[in-house]
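# Structural characterization, general
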Amino acid sequence: MLIRGSIYNFVTDRINIFSINPDSSGSMLEHSQKMKEGLELYKKSFENFSEKNSMAVAINMFDSSYNCRPFKGIEEFDTSYSTGGTTALYYAIKNGADNLLDYIEEIIKIKKCIPRATFVILSDGHSKGPDLSMEEAIKAVKRLNDAGVTTVFVAFGSSIEAKFGEKLGFQSTKDVNDPETLVTFMGEELSKSCKQQSKSRKSLGANFFSKAAKKSHSAGYDAKTAQILEDDDWFA
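Residues numbered from 1 in each chain as written. Predicted model: local features only at pLDDT ≥ 70, side-chain atom pairs only at ≥ 80, totals over all residues. Heavy atoms only, no water.

## Topic: unusual backbone geometry
Counted only if it meets this: Secondary structure follows DSSP: runs of H or I at least 4 residues long count as helices, runs of E at least 2 residues long count as strands, and numbering of each begins at the N terminus. Each residue is placed in one exposure class: buried if its accessible area under a 1.4 Å probe, protein chains only, is under 20% of its type's maximum, exposed if it is over 50%, and partly exposed if it falls in between.
One non-glycine residue, K112, lies in positive phi territory at about 60°. By the secondary structure assignment, K112 is in the loop between α2 (89-111) and β3 (116-123). Judged by its relative accessible area of 70%, K112 falls in the exposed class.

Shown next as structure tokens:
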């Protein structure tokens, strides 16, 4: 299914897709300004990036519902952010996965190439209010993993831990405990990891944050496989 408004006219066949899904429920209200600044810094960080013309990004907020936005070039994607509602975390994972996999399918049909894709969920809490079941979210993450998508779970604040992302099947997970570091995380660490993925021949999987930060929790690959990726996934 064509994602209305999304970019399809890439000038290269080495395409990298990033679906970034930040929690925008009411509990994020006090951190909304930092999230806005972080998203803007994330976007700005790619201004001089050599691979930017091969990238498509969508920032899809979720609260009681899932706000699906079109995938755009790195200089055009929407960074607006607002808060409200509860945390339909599992609904966001399921709908975000469906949206990303639909876009990948259309890229394959139109460009006749297989893009690299990364799916990032950032949440400050567990599911609250009406939502799908955890089992449905686990199935959605597995579909992404099986499709070769790098799946990333970022736990923000003290109400949820990165280990919960491992329980859901995410390959790479990380704790961002201090709200004061949110801008730096979005604009520097997440950005750096996305750039590294864009330069890689392979999906980074559990190694998504490995070169951007020393401390991260990872699941989905054993140590031997992770080392192979570490040694063999960079362009000369």
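After presenting the structure, the write-up continues.
## Considerations on the packing of aromatic side chains
Keep this limit in mind: Working definition: rings of Phe, Tyr and Trp (its six-membered ring) pair if their centres are within 6.5 Å, and the pair is stacked with planes under 30 degrees apart, edge-to-face with planes over 60 apart, and tilted otherwise. Note on criteria: charge over ring means Lys NZ or Arg CZ within 6 Å of the ring centre, with the direction from the centre no more than 35 degrees off the ring normal.
In the structure shown here, the tally under the stated rule is nine aromatic pairs. Taken together, Y42, F46, F49 and F77 form an aromatic cluster joined through their ring pairs. Taking NZ or CZ as reference, K43 lies 5.3 Å from the ring centre of F77, over its face. K195 extends its terminal NZ or CZ atom over the ring of F46, reaching a point 5.4 Å from the ring centre.

## Concerning the pattern of salt bridges
Counted only if it meets this: Put simply, a salt bridge is a Lys or Arg side-chain nitrogen that is within 4 Å of an Asp or Glu carboxyl oxygen.
The full count for this structure, using the stated rule, is eleven salt bridges. Among the salt bridges present, the one from K109 reaches E105, with a minimum N-O distance of 3.5 Å. With K109 and E105 both in helix α2 and four residues apart, this pair spans about one turn of that helix. The class of K109 is partly exposed, set by a relative accessible area of 46%. Through salt bridges that share partners, K94, D98 and R143 make up one connected network.

## Some remarks on helix α5 (residues 182-199)
This is how it is decided: Residue count minus one, scaled by 1.5 Å, sets the expected span of a helix. Bend, at a single residue, is the angle you get between axes fitted to the 7 residues ending at that residue and the 7 residues starting at it.
Under the 1.5 Å per step criterion, the end-to-end length of α5 is 25 Å for 18 residues, consistent within 8% with the ideal 26 Å. Residue S191 marks the point of greatest curvature in α5, where the axis turns by about 30°.

Shape descriptors only; they carry no functional weight alone.
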